[in-house]
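# Tertiary structure, described
If you want the building blocks of each chain, they are given just below.
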Amino acid sequence: MGCYGDFFETAKPYIAMISLQFGYAGMNVITKVSLNHGMSHYVLVVYRHAFATISIAPFALILERKVRPKMTWSVFLQIFVLALLGPVIDQNFYYVGLKFTGPTFACAMSNILPAMTFVMAVIFRMEKLDLKKVRCQAKVAGTLVTVAGAMMMTLYKGPLMQMAWTSYVQPHGHGGEAPVAAIDPSGKEGFLGSLFVIIATLAWASLFILQTHTLKHYAAPLSLTTLICFVGTLQAIVVTFAMEHRPSAWTIGFDMNLLAAAYAGIVTSSIAYYVQGLVIQKTGPVFASAFSPLMMIIVAVMGSFILAEKIFLGGVLGAVLIVIGLYSVLWGKHKETQEKDDEALELPVASKTSGVYDDATFVKEIAAACAVGDDSECKKANGVKPSSDGHGASAV
């Protein structure tokens with residue numbers, strides 16, 4: 001039993017992250033179906049973050065009631081900007097990009113997030129760039145490869161890829177044309193969709209940069225997330241009233257629209273946050289980030305089955321480049337984290353044996369202290385209690 005228990009304990013982070021990628025993949029596919037059925041992405045953002053706020057607020061109120069810092073105007077302004085970057089800009093642009101392209105394409109493009117975050121961290125001097133070190137070279141090279149992959153996905157289409165199962169799920173009509181439900185991420189809409197996903201990812205990276213700064217002044221992540229979702233919901237309502245003039249757009253029943261909003265809010269904005277936080281606490285952010293390409297593979301299979309999604313060679317090659325660049329950036333970040341951990345564990349060089357001074361070293365240090373006038377050490381060496389006035393050591 002002990003062996004099985006140890007195995008399960010070791011496997012838990014892997015099981016959690018793989019399950020999380022299925023959750024994210026389901027969100028992309030369900031959301032795409034909802035958008036295809038005519039739901040306004042502005043309204044979807046409002047409902048999604050309303051569900052997220054309701055589901056995460058109780059945990060924040062209970063678990064962080066004793067550690068929640070005092071709210072200041074500076075922190076509130078940062079939360080306002082975070083809500084604007086995340087729920088409003090990121091989600092709206094991502095949903096438009098998802099609608100114009102497809103789940104697989106949008107997921108693949110989202111993998112440029114680590115590279116974008118790295119570039120912004122360098123710009124804001126949160127990352128030090130030393131090109132003499134291999135880890136920095138890996139991060140720079142990974143960023144360039146990721147950008148090249150994103151450009152390939154945006155600008156190059158290539159021939160249609162035939163999946164093993166597409167003959168069963170993509171019945172062709174007259175002239176060999178794919179059904180109406182098929183997604184063709186090409187042409188003007190595909191190009192615009194790519195740009196929208198890139199803008200959304202840039203907003204997401206900006207959120208990470210600002211959130212890192214905000215958490216230093218408001219060290220209550222659950223409460224911060226609740227406030228971001230709540231303020232984002234209010235902002236999204238204002239944006240929706242300004243952009244969506246159809247009262248019927250707000251109508252939502254027990255249908256795919258409700259499922260998309262509830263699923264995205266509860267699963268990918270609440271449960272996913274909690275699970276990912278636990279995994280990051282145990283294994284670190286590099287381990288958690290390394291599973292993101294798995295979502296793209298799951299979405300590609302689900303999209304082909306459910307949405308008859310078209311996948312082109314340019315998209316596949318671009319996705320491969322993005323994944324290679326992603327892991328290069330993550331490898332460089334992992335090595336940097338290792339270096340910092342090693343530096344933190346290093347002890348000052350002193351003649352110690354198993355943490356205990358030997359007699360010869362002790363005598364030498366006391367003699368050196370006496371030589372520079374540190375009479376507190378001299379008195380301790382001779383069994384005399386030093387004076388408590390704080391002036392035991394004379395200036396050299």
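Residues numbered from 1 in each chain as written. Predicted model: local features only at pLDDT ≥ 70, side-chain atom pairs only at ≥ 80, totals over all residues. Heavy atoms only, no water.

## Topic: the overall build of the protein chain
In terms of regular secondary structure, the protein chain is built from 15 helices and 2 strands. Counting all 396 residues of the protein chain, 42% fall into the buried class. At a minimum sequence separation of 6, the contacts of the protein chain that also span at least 24 residues come to 86%. Carbon together with sulfur atoms contributes 69% to the accessible area of the protein chain, which is approximately 22,000 Å² in total. (Helix = DSSP H or I, 4+ residues; strand = E, 2+ residues; numbered from the N terminus. Buried < 20%, exposed > 50% of the residue type's maximum accessible area, 1.4 Å probe, protein only. Contact = heavy atoms within 4.5 Å. Areas by Shrake-Rupley, 256 points an atom, 1.4 Å probe, with all protein chains shown as cover.)

## Describing the nonpolar core
Formed by 49 residues in total, the largest nonpolar core has its most connected members in L44, Y94, Y95 and M153. With 7 residues, the single largest contributor to this core is helix 1 (residues 2–36). With sequence-adjacent residues up to four places away left out, Y94 is seen in contact with N28, A106, C107, S110, V197 and A200. Formed by 11 residues, the second largest nonpolar core is a distinct cluster that contains V75, L82, A220 and L224. (Core = buried A, V, L, I, M, F, W, Y, C linked by side-chain atoms within 4.5 Å.)

## Thoughts on the packing of helix 2 (residues 41–63) against helix 9 (residues 221–243)
At a closest axis distance of 8 Å, the pairing of helix 2 and helix 9 adopts a crossing angle of 160°. Compared by their axis directions, helix 2 and helix 9 come out roughly antiparallel. For helix 2 against helix 9, the interelement crossing comes out left-handed. When grouped by side-chain class, the residues that make up the contact of helix 2 with helix 9 number 18 nonpolar, 7 polar and no charged. (Axes fitted to C-alpha atoms, helices over the stretch in contact; angles between N-to-C directions. Parallel < 35°, antiparallel > 145°, perpendicular 65-115°, else oblique. Left-handed = near helix turned anticlockwise from the far one by under 90°. Nonpolar A, V, L, I, M, F, W, Y, C, P; charged D, E, K, R; others polar.)

## As for helix 2
Given a rise of 1.5 Å per residue, 23 residues ought to cover 33 Å, and the 33 Å separating the end C-alpha atoms of helix 2 matches this to within 8%. A bend of about 35° at I56 is the largest found in helix 2, and the proline P58 appears one to four places after it. Backbone nitrogen of Y42 and a side-chain oxygen of the N-cap are separated by 3.3 Å at the start of helix 2; the cap is S40. (Expected span 1.5 Å × (residues − 1). Bend = angle between axes of the 7 residues up to and from the residue. Polar contact = N/O pair within 3.5 Å; in protein donor to acceptor, adjacent residues only side chain to side chain.)

## A look at the packing of aromatic side chains
Two numbers describe a pair of aromatic rings. These are the distance of the centres and the angle of the planes. One pass over the structure, following the stated rule, counts 7 aromatic pairs. Taken together, a centroid distance of 5.3 Å and an interplanar angle of 35° make the contact between F241 and W250 tilted. An aromatic cluster is built from Y47, F241 and W250, whose rings are joined through pairwise contacts. (Phe/Tyr/Trp six-rings, centres within 6.5 Å; stacked < 30°, edge-to-face > 60°.)

## Digging into the packing of helix 4 (residues 103–110) against helix 6 (residues 134–155)
For the pair helix 4 and helix 6, the least separation of the axes is 10 Å and the interaxial angle reads 155°. The orientation of helix 4 with respect to helix 6, classified from their angle, is roughly antiparallel. Two packed elements cross with a definite hand, and for helix 4 against helix 6 that hand is left-handed. Across from F105, A108 and M109 in helix 4, the residues of helix 6 making contact are A150, M153 and T154. Here the contact of helix 4 with helix 6 is built from residues that sort into 5 nonpolar, 1 polar and no charged.

## Focus: the pattern of salt bridges
A full pass over the atoms with the stated rule returns 3 salt bridges. Notably, a salt bridge pairs E339 with K133, separated by 4.0 Å at the nearest N-O pair. Here K133 lies in the loop between helix 5 (113–123) and helix 6 and E339 lies in helix 13 (residues 313–345), a separation of 206 residues in the sequence. The residue E339 makes a salt bridge to R135 at a minimum N-O spacing of 3.1 Å. Separated by 204 residues along the polypeptide, E339 in helix 13 and R135 in helix 6 bring together distant segments of the chain. Taking the relative accessible area as the measure of exposure, E339 reaches 31% and is therefore partly exposed. By relative accessible area, which is 11% here, R135 ends up buried. (Salt bridge = Lys/Arg side-chain N within 4 Å of Asp/Glu carboxyl O.)

## A short note on a nonpolar patch on the surface
Where nonpolar side chains cluster on the molecular surface, the patch consists of M71, W73, F76, L77, F80 and V81 and spans about 630 Å² of accessible area. Positionally, F76 belongs in helix 3 (residues 73–100). A relative accessible area of 37% means that F76 is categorised as partly exposed. (Patch = residues over 30% accessible without salt bridge, like charges linked within 9 Å, V, L, I, M, F, W, Y side chains within 5 Å.)

## Considering the confidence of the model for the protein chain
Overall, the predicted model of the protein chain reaches an average pLDDT of 77, with 78% of residues at or above 70. Here residues 349–396 is a poorly scored stretch, pLDDT under 50, and it has 25 contacts once near neighbours within four places are set aside; other chains count. (pLDDT = per-residue confidence, 0-100.)

## Some remarks on the environment of V197
With respect to the helices and strands, the residue V197 is situated in helix 8 (residues 187–217). Using a relative accessible area of 0% as the deciding quantity, one classes V197 as buried. In sequence terms V197 and N92 are 105 residues apart; their C-alpha atoms lie 9.6 Å from each other.

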